[in-house]
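Residue-level structural notes
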Amino acid sequence: MTRRGFLRGLLAATLAGLFAALYGFLIEPALRLRVRRWRVQRPGWPAPMRIAILSDLHMGAPHVTRDRLRQVVKRTNALGADLIVVLGDLNASHPFVTASIPLSDTVSILADLAAPQGVFAVLGNHDWWEDSMAQARRSGPVEAALTLQAGGIPVLQNETVELPGGVVLAGLGDQWAFKEGNGTYSGVDDLPGTLAQIPDTAHAILLAHEPDIFTQVPARIALTLSGHTHGGQVRLFGWSPVVPSRYRNRFAYGHVHEDGRDLVVSGGIGCSILPVRLGVVPEITVVELSA
């Protein structure tokens with residue numbers, strides 16, 4: 001290779017790196033938004049149901065501002081979903097937030113969400129971690145839950161609710177609620193207690209912020225909906241190098257069908273740890289559930 005050829009190659013590589021950095025740190029996480037649709041068929045499901053999922057908002061400038069959330073809410077309402085669920089992690093916690101946004105502001109915008117069968121939420125690990133008082137007493141109530149409920153959005157923690165049409169919606173407590181040190185966590189999740197509230201013959205959907213619980217969910221639950229992973233935030237050719245799950249890419253993103261059971265993991269909206277998204281465009285996730 002000639003010296004001129006080497007310099008051209010170096011320049012091209014530098015420009016490509018700068019573009020990837022600009023795209024991953026600004027364009028994709030702050031400017032792009034898509035609707036990602038999944039179709040799930042469950043034999044015997046009573047009637048077609050459209051579910052819109054908002055997960056991992058991680059509110060905070062420069063990426064997820066109040067105006068950005070208003071855009072997300074407006075677009076979600078326009079989808080005509082029967083049910084809307086918010087799967088936790090309302091605020092950003094990475095060190096690159098230029099302006100934090102109060103929970104009250106976030107919830108006042110989310111309160112505009114509307115669907116015929118309701119809007120429901122579960123909490124995520126960051127909702128617990130950022131409440132120092134809840135961490136100190138190792139129990140709720142959690143500020144995020146109180147704020148959501150005050151805004152008219154019920155929060156389900158190891159609880160169920162019957163929706164119109166006889167569908168049971170269950171919400172699991174967070175599995176990573178408390179930091180135990182050495183990279184380990186403990187939760188407030190009670191899957192057996194939650195399942196005990198669901199009749200064996202009921203058509204049921206489970207909300208669980210972290211997807212790892214899916215290995216324990218019985219086949220009688222029609223669908224499990226999760227977030228937490230952000231699809232790894234960086235995803236290339238269907239693979240994410242870092243996934244906050246003991247199962248890594250098995251439950252990193254999208255529709256997972258195993259042993260007659262179905263899980264959909266939303267890629268979410270915001271960022272955690274680092275303010276970068278590459279190959280995982282911020283999304284409103286829609287599941288079309290039918291027989």
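All of the points below concern the structure found in this document. The residue count restarts for each chain, going from 1 along the sequence in the order it is written. pLDDT decides what is reported in this predicted model: residues at 70 or higher carry local features, side-chain atom pairs at 80 or more are listed and counted, and totals for whole chains, interfaces and linings draw on all residues regardless. To obtain the side-chain values, all non-hydrogen atoms of the structure were included, while hydrogens and water were left out.

**Quick word on the overall build of the protein**
We count a stretch as a helix when DSSP gives it H or I for four or more residues in a row; a strand needs E for two or more, and each element gets its number in order from the N terminus. The helix and strand inventory of the protein stands at 7 helices and 13 strands. Taking 19 Å as the expected radius of gyration for a compact globule of 291 residues, we find that the protein reaches 20 Å, a close match to that expectation. Of all 291 residues assigned to the protein, the portion counted as buried reaches 53%. By element, 57% of the accessible surface of the protein is carried by carbon and sulfur atoms, the whole surface being about 12,900 Å². Only four residue types enter the charge count: Lys and Arg as positive, Asp and Glu as negative, with His and the chain ends excluded. Note that the charge is assigned to NZ on lysines, CZ on arginines, CG on aspartates and CD on glutamates. Looking at charge distribution, the protein has the averaged site of its 25 positive side-chain charges lying 13 Å from that of its 25 negative ones. C-alpha atoms define the radius of gyration in this analysis, and the globule rule sets the expected value at 2.2 Å times the number of residues to the power 0.38. A 1.4 Å probe rolled over the protein chains alone gives each residue an accessible area, and that area as a share of the maximum for its type sets the label: buried under 20%, exposed over 50%, partly exposed in between. Here, Shrake-Rupley sampling with a 1.4 Å probe gives the accessible areas, and only protein chains in the shown set may cover a residue.

**Here we look at the sheet that holds strand β3 (residues 83–86)**
In a beta sheet, neighbouring strands pair by backbone hydrogen bonds and run either parallel or antiparallel. Strands were regarded as paired on the criterion that DSSP finds at least two bridges between them. The 5 strands are arranged β1-β13-β2-β3-β4 in an open sheet whose pairing can be described as mixed. The strands lining the two open edges of the sheet, one partner per strand, are β1 (34–41) and β4 (119–121). Sheet twist, expressed as the average angle between the axes of neighbouring strands with direction ignored, equals 25 degrees. As paired strands, β3 and β4 are joined by 3 bridges and run parallel to one another. Paired with Ile84 across the two strands is Val119, which belongs to β4. Axis definition: a line fit to C-alpha positions, over the contact stretch in the case of helices; interaxial angles, taken between N-to-C directions, run 0 to 180 degrees.

**Quick notes on the packing of aromatic side chains**
Each aromatic ring pair is characterised by the separation of its centres together with the angle its planes make. The aromatic pairing rule takes the rings of Phe, Tyr and Trp, using the six-membered ring of Trp, and pairs them if the centres are within 6.5 Å, calling planes under 30 degrees apart stacked, those over 60 edge-to-face and the rest tilted. Under the criterion given, the structure shown has 6 aromatic pairs. Ring geometry for Trp38 against Tyr253: centres 6.0 Å apart, planes inclined by 70 degrees, an arrangement best described as edge-to-face. In this pair, Trp38 sits in strand β1 while Tyr253 sits in the loop between β10 (221–226) and β11 (254–258), placing the two residues 215 residues apart along the sequence. Comparing Trp38 with Tyr253, the two get one shared label, buried. An angle of 10 degrees between the planes, with centres 4.4 Å apart, marks the rings of Trp176 and Tyr185 as stacked. Put simply, the rings of Trp129, Trp176 and Tyr185 touch in pairs and so form one group of aromatic residues. Directly above the aromatic system of Trp129 lies the positively charged group of Lys179, at a separation of 4.4 Å from the ring centroid. Comment: the charge-over-ring label is applied if NZ (Lys) or CZ (Arg) is within 6 Å of the ring centre and within 35 degrees of the ring normal. A cation over an aromatic ring shows up here: Arg261 above the ring of Phe214, its NZ or CZ 4.3 Å from the ring centre.

**Digging into helix α2 (residues 66–77)**
Helical geometry note: an α-helix holds 3.6 residues per turn, so side chains three or four residues apart project in the same direction. The terminal C-alpha atoms of α2, which comprises 12 residues, lie 17 Å apart, in line with the 16 Å expected from a rise of 1.5 Å per residue. Those residues of α2 not exposed but buried are Arg68, Leu69, Val72, Val73 and Thr76. Buried residues of α2, viewed axially, fall in a sector of 135 degrees; they line one side. Along α2, exposed side chains directed more than 90 degrees from the buried face belong to Asp67 and Lys74. To estimate the expected span of a helix, subtract one from its residue number and multiply by 1.5 Å. Our arc is simply the arc of the directions from the helix axis toward the C-beta atoms.

**Concerning the sheet that holds strand β12 (residues 261–265)**
In spatial order, the strands read β5-β6-β9-β10-β12-β11; together these 6 strands make up an open sheet with mixed pairing. Of all the strands in the sheet, the pair left with one neighbour each is β5 (159–162) and β11. Strand-to-strand, the axes of this sheet are offset by a mean angle of 20 degrees, without reference to chain direction. Pairing between strand β9 (residues 203–207) and β10: 4 bridges, direction parallel. Note that in β10 the partner of Ala204 across the bridge is Ile221.

**Some points on helix α3 (residues 103–110)**
Along α3, the positions that sit buried rather than exposed are Leu103, Thr106, Val107, Ile109 and Leu110. Along the axis of α3, the buried residues cluster in a sector spanning 160 degrees; they form a single face. Between two residues, a contact is recorded if the distance between any of their heavy atoms is within 4.5 Å. Residues of α3 that are buried make contact with β2 (49–54), α2 and α6 (143–150).

Any functional reading would require information that these geometric values do not contain.
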